[in-house]
Structure formats: structure tokens, C-alpha cells
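The residues making up each chain are set out below.
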Amino acid sequence: MELLIKDVTNKEHVGKAVTLRGFISNIRKGKNNIFFMLRDPSGVIQCVSHFNEKAFPEVEKLTRESSILVKGNLKEDSRAEGGYEITIEELEVYGLAEPFPIKKGHKKVFLFDNRHLWMRSRRVTAIMKIRSTVFEGIHEFFVKNGFYEIQSPSFVGGSVEGGSTLFEINYFDKKAYLSQSWQLYAEAMVNSLWKIYTVAPSFRAENSRTWRHLTEFWHAETEVAFMDLNGIIELEEGLIKHIVKNVLIKNQAELTLLKRDQTILKNVVENPFLRMSYESVIDLANKNGLKLEYGADLGADEERVITSKLNVPLFAMNYPTKLKPFYHKPDPKDPTHVLCNDLLAPEGYGEIIGGGQRVDDKETLIKRIKEEGLNPNDYNWYVDLRRYGAIPHSGFGLGVDRLVMWICKLPHIMYATPFPRTPRRIYP
Ligand code: NSS
């Protein structure tokens, strides 16, 4: 079995020959020896070759980011990072690297232009490991709770989240769009499967260019039959708690490397989330210095102010109907508001989830579609779902990149995703 650095850096292997593959992350050539750090997905280890013992002409040619196989004797060395060192006995070079373009102190644009190389840095690797735990946690949570995983198409004929962020594409002789959300299809599939989820990319032609918008983002969505707004809020809270708990258990090394203060993450796992009506959220914003009127929409800037002093997430509930898409169910007690929620992450991050209860009667749905200036005929199949045995149902969508950004406390969503897509960036 092939071993990684984490598997061999223990007392059991000291004094024995170990074989490792990896990349050279740091190299120092002296008169009598060469030291370098070998890096693999699990960590780094110092390797040394003393010229007086056994000469390796290949060693002298090694460069930063060359890929190699090393065989040598493992010993403890308290001066080396990680506490161990390998004295090289055999060496094989897979690829000798040209001078590596990435050095300390580069600006953001240069780093994202070289994202394919920058990926190898320890910081980016740590973020991607946390991201992996987040995806694992999503699947684990839904599977454990008896959900079916099911997919919807990415080529679609209409909008879910408003026309302004639709990506239009040529689809032979027709117009088509890239999916903004699986939701409308989920509402069809929920009638047979009752508890469903998906994890897939969604697309938005967002020109807002904020620190939290991508044009392609990963969307974890769920839809549940016979569930109301309160039920879906509990499900959201359970999911976020499960994911954050998993990260705290599995990613201590990465959170430490990122210097992430874990107090709030622990709070999130241990304490109930806050719940507030839209109006109370506006009041809270105004207490914190904003001057918002009832009816104002909340964007990145407003949510930053609202959440910057929170230490658990906040459910902002029951928004005015005109602020939300047609599929939200108007509150029977006050139809000027809908049974929706946005989950706002603390520490200034704001919305990570949007969801709520769906319109379940045909007349209201057609009326709401028209009010949004859309043509009900384009949504015939969706209206059908209210013609043939409509049921109460609810769902939500979690922006996974936004969640990773908050968990890692990153300054921009681009850092949270491997190869970010924004209005300005499609390379590499
Ligand atoms: O537009 S949402 O608020 N809601 C929906 O798409 C619903 N149709 C989901 C559902 O009920 N099945 O988007 C959901 C989340 C939102 O809270 C963000 O966290 C994320 O998706 N989102 C984004 N992340 C990154 N970039 C962009 N542009 C983006 N847009 C939404």
C-alpha cells in the first residue's frame, strides 16, 4: 500500500526505509548538502542529501515544484517542520520543474491567473480540504435522514429566480437558458419521492460583482413533501450544524493553518439559530446605523451590517411578497408577505440559504406568475403540479461556496471555489 507523509511520520517508522512521492516546496542548496521539503496531500517532510555520504547527481538539479519519488531513512529531527527528516537513499524524478512563477507577495489577480499552479499552496489546499468535508457533510446529512438524491437538467426553458440573471444560450433553433436552480423540477419529483436533494452547479448572469457572487456556483437544494416553513427551517439548521460539526472534527489542522477563530463555529453547533421577521431585521439594521424603509431589499452591504455582530446564524423570515419570486406561498394570515426564509451567516457574511414554503394552489400561482411579468403558458407543466393532487411542500437552496467562504472566513467567494467563474474570469 502506498503511504503518505502522515502515515510515516511516527515512532514506528523511525530508523526504517520509507518511500514517498510528492512535490518539492522549498529547496536550500548548501556546499555539502541539499535540504528540501517534500509535499503530498497529507503534509510536508524535510528531506536531506549529504554529498559526502552518497552522491546523487539528480539531487543537484532539483528545482522547486519538481515532482519526485524519494526513498530513504526516516529519523526524528526536532528542528525540522513536523519533527522528522528523511535521508535520501534513492531518488526518481517524474518531472523537473521550470522556474515556478508563484512567489510570496503576489497580488490577487496574478494568483487567480495562475490558479492552476496556486492550487498547490498549503492555504488553498487547506480550503479545498474543508470544502470536501462540507460536500461530504451535505450528502451524509441527507442520506442519514432518508432523502433520495435526484437531478434536474442544466438546460432549461425559463427562469426561477427572475429574468435578470438568466444566461441565454443558443439551443439549436430555440432560445434556452442555464439553470438558476433545480427547484421547479424538484417540485415535480417531490410528488413521487417526498424527500429529495441534489448537489449541482447553478448559473446566474450576475453583474453585481460583489464579494459573494459567482456566475457558476454549487447549489445544494432540497424539497420535502408535506413540510411547512417551520419544518424547513429546522432542516436548514440541522444541515448547517451537521456540516460545521464535521469540519470542526475533521479539519482542525486546516482551520489552524487558516488561523480561523473557532469560537463562532462552536457556537453554531451548540446554540439555537436566531429567528426574526423581515420587519425586525429591518429594525435591527437601522439600530446598527442603516436607514432602511420597510419594503427595502437586503443585499450584501445591508446583510454585512446586520450580521457582523451576530455569533449564530439568523433566519430572516416572511419577506414582503414583492421582494420574492412567484413560487413562495403567501402567508394566509397576511398575503402581503410570503412564507419564506433567508439564512444569514454571522460575522458579516449574510445569506447562505434561500428557501421556504411553496404556493400550492393553482389560482394564486398563476396570479403571482403574471404579477412578475411572466407568461403562465411558459410554466404550464409547473402549474400542472397544482392541477393534479397539490400538496403542501417546502424546500431550500444552500450556496455551498458561500458556506465554505464563511466557514474559512475568506474575504471573497473566489477563494472558496477551485476555479471561480465571475463576469471577468473564465481563465484558467
Ligand atoms: O436564489 S436563491 O436565494 N434561492 C433559490 O435559488 C431557490 N430556488 C432555492 C430552492 O429553494 N431550491 O439561491 C439560494 C442560495 C443563496 O442563498 C446563495 O447562498 C446561493 O444560493 N447563491 C449564490 N452563490 C454564489 N453566487 C451566486 N451568484 C449566487 N446566487 C445564489
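Everything below is about the structure shown above.
All residue numbers refer to positions counted from 1 along the written sequence of the respective chain. Thresholds applied to this predicted model are a pLDDT of at least 70 for local features of residues and 80 or more for the giving and counting of side-chain atom pairs; totals over whole chains, interfaces and linings are not thresholded and use all residues. Remark: hydrogens and water are excluded; side-chain values derive from all non-hydrogen atoms of the structure.

Asker: So what exactly am I meant to see when it comes to the pattern of salt bridges here?
Answerer: Two side chains of opposite charge can pair, provided their charged atoms sit close to one another. The working definition used for a salt bridge is a side-chain nitrogen of Lys or Arg within 4 Å of a carboxyl oxygen of Asp or Glu. The full count for this structure, using the stated rule, is 25 salt bridges. Notably, a salt bridge pairs Arg 368 with Glu 371, separated by 2.9 Å at the nearest N-O pair. A residue pair is termed a helical-turn pair when its members lie 3 or 4 positions apart in one helix, as Arg 368 and Glu 371 do in helix α12 (residues 362-371) at 3 residues. Working definition: with a 1.4 Å probe on protein chains only, accessible area under 20% of the residue-type maximum means buried, over 50% means exposed, and in between means partly exposed. On the accessibility criterion, Arg 368 (5% relative accessible area) is buried. A salt bridge links Arg 387 to Asp 384, with the shortest nitrogen-to-oxygen separation between them at 2.7 Å. A residue pair is termed a helical-turn pair when its members lie 3 or 4 positions apart in one helix, as Arg 387 and Asp 384 do in helix α13 (residues 380-387) at 3 residues. Of the residues examined, Arg 387 reaches a relative accessible area of 35% and is grouped as partly exposed. When salt bridges that share partners are traced, they join Lys 367, Arg 368, Glu 371 and Glu 372 into one network. Helix numbers and strand numbers start at the N terminus; a helix is a DSSP run of H or I with at least 4 residues, a strand a run of E with at least 2.

Asker: Please clarify how the sheet that holds strand β5 (residues 84-95) should be interpreted in this entry.
Answerer: Sheet strands line up and pair through hydrogen bonds in the backbone, either parallel or antiparallel. In this scheme, strands are said to pair when DSSP sees at least two bridges between them. The mixed closed barrel is built from 5 strands, whose spatial order is β1-β2-β3-β5-β4. On average, adjacent strands in this sheet sit at an angle of 55° to one another, irrespective of strand direction. By the bridge criterion, 8 bridges tie strand β2 (residues 33-40) to strand β3 (residues 43-50) in an arrangement that is antiparallel. Looking at β3, one finds that Phe 36 is bridged to Cys 47. Here, axes are lines fitted to C-alpha atoms. For helices the fit covers the stretch in contact, and angles between N-to-C directions go from 0 to 180 degrees.

Asker: Would you take a moment to explain empty space enclosed by the protein for this structure?
Answerer: Taking a probe equal in size to a water molecule and rolling it over the atoms shows the remaining empty space. Buried and open spaces are told apart on a 1 Å grid over the protein atoms alone, a cavity being a set of points where a 1.4 Å probe fits but cannot get out and a pocket being an open set with protein on both sides within 12 Å along at least five of seven lines. Residues with an atom within 4 Å of a point are the lining residues. Grid points are joined across faces, edges and corners, and a volume is the space filled by probe spheres set on the points. Applying the stated rule across the entire model yields 1 cavity of 30 Å³ or more. Here the largest cavity is characterised by a volume of approximately 40 Å³. Together, Glu 187, Asn 191, Leu 385, Arg 386, Gly 389, Ala 390, Ile 391 and His 393 line the largest cavity. Going through the elements one at a time, α6 (183-193) and α13 are the ones with two or more residues in the lining of the largest cavity.

Asker: Please explain the packing of aromatic side chains as it appears in this structure.
Answerer: To describe a pair of aromatic rings, you give the distance between the ring centres and the angle between the ring planes. Stacked, edge-to-face and tilted labels apply to pairs of Phe, Tyr and Trp rings (six-membered ring for Trp) whose centres lie within 6.5 Å, assigned for plane angles under 30 degrees, over 60, and everything in between, in that order. Inspection of the entire model under this criterion finds 18 aromatic pairs. With a centroid separation of 5.2 Å and 65° between ring planes, the pair formed by Phe 326 and Tyr 379 is classed as edge-to-face. With a gap of 53 residues between them, Phe 326 in the loop between β13 (314-317) and β14 (330-331) and Tyr 379 in the loop between α12 and α13 connect regions that are remote in the sequence. Residue classification places Tyr 379 among the buried positions, given a relative accessible area of 5%. Taken together, the ring pairs in this structure connect Tyr 185, Phe 326, Tyr 327, Tyr 379, Trp 381 and Tyr 382 into an aromatic cluster. Above the plane of the ring of Trp 211 lies Arg 304, whose end atom (NZ or CZ) is 4.1 Å from the centre. Whether a charge sits over a ring depends on NZ of Lys or CZ of Arg being within 6 Å of the ring centre and within 35 degrees of the ring normal.

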